[in-house]
Amino acid sequence: MATETGPGVGGDGGVASVGLGDRRRLRRGAAGVAAFLLVWHAVSLTQDPFVLPSPIAVGEAFAGELASGDMTAALSQSVRHWIPGTVVGTGLGVAAGVAFAWSRLLDDLTAPLVRTLRPVPPLALIGFAIAWFGINDAGAAFIIAVGAFWINFYAAYGAVEGVSEDLLDVGRTLGVRGDLDAVRSIVLPASMPGIMTGIRTGLGRCWMLVVASEIFGVPGVGREIIRASNNLRVDRSIAYILVLSLMFLLVDVAFRAVERRVLAWRA
């Protein structure tokens, strides 16, 4: 792991060095972004705009779509199925992962089904989404929920499996009785770091699935990306891709704040 060394380690200097390290990271990050944009711009000069537009062209397309209101409308439409799909898939995935990892009976009964369904990609279920829900927000939410489910299922399953048997023995010694009491008092707190990691991963994956969920015509950012690509408007396509990236960053920052509060006991 890379570390920063220098004066001010420990004491008051330790506090100062934290701020200095943060500023260094910000400067390095800004330098990396600037270098990437310069390379992108240089390469774009050798390509046709419909192959690789310049960063300036993408910025102009972004500003134009935002000013026209099209970008805001597409984003609000995507959010309408991203939220329910993410919430339902995450909730069911965590609940099933905890239950199946804790109960040997449930695990044995569902293991063949889980191993059969797990390799099926969400894109392969588009036909079912159309047949069951139609070309609407519910169908798109279904695709997103499937992707969120499996990420959170395996994260929760692995986290519960990793709970030390010694913790359970200590809990029983202190009066913990019954499965529900053990899960609530011991298993969930001990497995929460792994569960939170799965939720965070799933939140990002669900933004990626927005494009897949809208590939069959549901309005949103994903459909705008596909339409722009089909019309060789690569600048517009990249502009909408940046919207997905920005939304992922906002959600990730917000979730990390929540995660720090939930897992404050680890500090």
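Per an unreviewed UniProt entry, the chain goes by Binding-protein-dependent transporters inner membrane component and derives from Halorubrum californiense DSM 19288. What UniProt states about the chain under its Sequence similarities (unreviewed entry) heading is, verbatim, "Belongs to the binding-protein-dependent transport system permease family." According to its UniProt record, the chain has this under Subcellular location (unreviewed entry): "Cell membrane".

All right, on to the domain arrangement of the chain then. For interface size, the figure often reported is the accessible area lost on association. As far as domains go, the chain holds domain 1 (17–46) and domain 2 (53–266). Between the C-alpha centres of domain 1 and domain 2 there is a distance of 30 Å. The partner domain 2 presents six residues to the four residues of domain 1 that form the contact. Both sides together, the interface formed by domain 1 and domain 2 hides about 370 Å², and carbon and sulfur atoms give 80% of it. Taken as a group, Trp40, His41 and Ser44 account for 91% of the area that domain 1 buries against domain 2, more than any other trio of residues on that side. Across the contact surface, domain 1 and domain 2 share zero salt bridges. Where domain 1 meets domain 2, there are one residue pair in polar contact (both at pLDDT 80 or more). The residue makeup of the side of domain 1 that touches domain 2, split by class, is two nonpolar, two polar and no charged.

Another point: the environment of Arg172. Here Arg172 shows up in helix 7 (residues 165–173). Setting aside residues up to four positions removed in sequence, Arg172 forms contacts with Glu165 and Arg177.

Turning next to helix 6 (residues 137–161). In this model, helix 6 (25 residues) spans 35 Å end to end at C-alpha, consistent with the 36 Å of a helix rising 1.5 Å per residue. Along helix 6, 20 of the 25 residues are buried, which leaves the element largely enclosed by surrounding structure. The residue sitting at the N-terminus of helix 6 and contributing the capping side-chain oxygen is Asn136; that oxygen lies 3.1 Å from the backbone nitrogen of Ala138.

Moving on: the nonpolar core. The biggest cluster of nonpolar side chains holds 54 residues, and the ones touching the most others in it are Trp82 and Phe153. Here Trp82 is in contact with Ile144, Leu203, Cys206, Trp207, Val210 and Val251, once residues within four sequence places are set aside.

The next point concerns the pattern of salt bridges. Here the structure, examined in full by the defined rule, presents six salt bridges. Notably, a salt bridge pairs Arg200 with Asp252, separated by 2.7 Å at the nearest N-O pair. Highlighted residues: Arg200 in helix 8 (residues 179–213) and Asp252 in helix 10 (residues 234–262), separated in sequence by 52 residues. Under the relative-accessibility criterion, Asp252 is labelled buried at 13%. Salt-bridge contacts for Arg233 lead to Asp235; the nearest nitrogen and oxygen are separated by 3.1 Å. On the basis of relative accessibility, which here comes to 37%, the residue Arg233 falls in the partly exposed class.

Another aspect to go through is a nonpolar patch on the surface. Nonpolar side chains collect at one region of the surface, where Val33, Phe36 and Leu37 lie side by side and expose about 290 Å² of accessible area between them. Within the fold, Phe36 resides in helix 1 (residues 11–44).

Our focus in this paragraph is the packing of aromatic side chains. The relation between two aromatic rings is expressed through the spacing of the ring centres and the mutual angle of the planes. Under the criterion given, the structure shown has 12 aromatic pairs. Ring geometry for Phe100 against Phe153: centres 5.7 Å apart, planes inclined by 70°, an arrangement best described as edge-to-face. Remark: Phe153 occurs in helix 6 and Phe100 occurs in helix 3 (residues 70–102); sequence separation between them is 53 residues. A relative accessible area of 17% places Phe100 in the buried class. A residue is classified by how much of its surface remains accessible, and Phe153, at 3% relative accessible area, is buried. Among the aromatic residues, ring-to-ring pairing joins Phe100, Phe149, Trp150, Phe153, Tyr154 and Tyr157 into one connected group.

The next subject is the packing of helix 3 against helix 4 (residues 104–117). Contact geometry of helix 3 with helix 4 gives a least axis separation of 5 Å together with a crossing angle of 110°. Here helix 4 runs roughly perpendicular to helix 3, going by the angle between their axes. Residues Ala99, Phe100 and Trp102 of helix 3 pack against Arg104, Leu106, Asp107 and Thr110 of helix 4. Tallied by class, the residues present in the contact of helix 3 with helix 4 amount to four nonpolar, one polar and two charged.

Turning next to unusual backbone geometry. Residue Leu232 is not a glycine yet carries a positive backbone phi of 60°. Summarising the element assignment, Leu232 is placed in the loop between helix 9 (221–230) and helix 10.

Quick notes on the rules
Residues numbered from 1 in each chain as written. Predicted model: local features only at pLDDT ≥ 70, side-chain atom pairs only at ≥ 80, totals over all residues. Heavy atoms only, no water. UniProt positions renumbered as here; feature names shortened; annotations may be inferred. Domains from an automatic or database assignment. Contact = heavy atoms within 4.5 Å. Buried area = accessible area lost by both parts, 1.4 Å probe. Salt bridge = Lys/Arg side-chain N within 4 Å of Asp/Glu carboxyl O. Polar contact = N/O pair within 3.5 Å; in protein donor to acceptor, adjacent residues only side chain to side chain. Nonpolar A, V, L, I, M, F, W, Y, C, P; charged D, E, K, R; others polar. Helix = DSSP H or I, 4+ residues; strand = E, 2+ residues; numbered from the N terminus. Expected span 1.5 Å × (residues − 1). Buried < 20%, exposed > 50% of the residue type's maximum accessible area, 1.4 Å probe, protein only. Core = buried A, V, L, I, M, F, W, Y, C linked by side-chain atoms within 4.5 Å. Patch = residues over 30% accessible without salt bridge, like charges linked within 9 Å, V, L, I, M, F, W, Y side chains within 5 Å. Areas by Shrake-Rupley, 256 points an atom, 1.4 Å probe, with all protein chains shown as cover. Phe/Tyr/Trp six-rings, centres within 6.5 Å; stacked < 30°, edge-to-face > 60°. Axes fitted to C-alpha atoms, helices over the stretch in contact; angles between N-to-C directions. Parallel < 35°, antiparallel > 145°, perpendicular 65-115°, else oblique.

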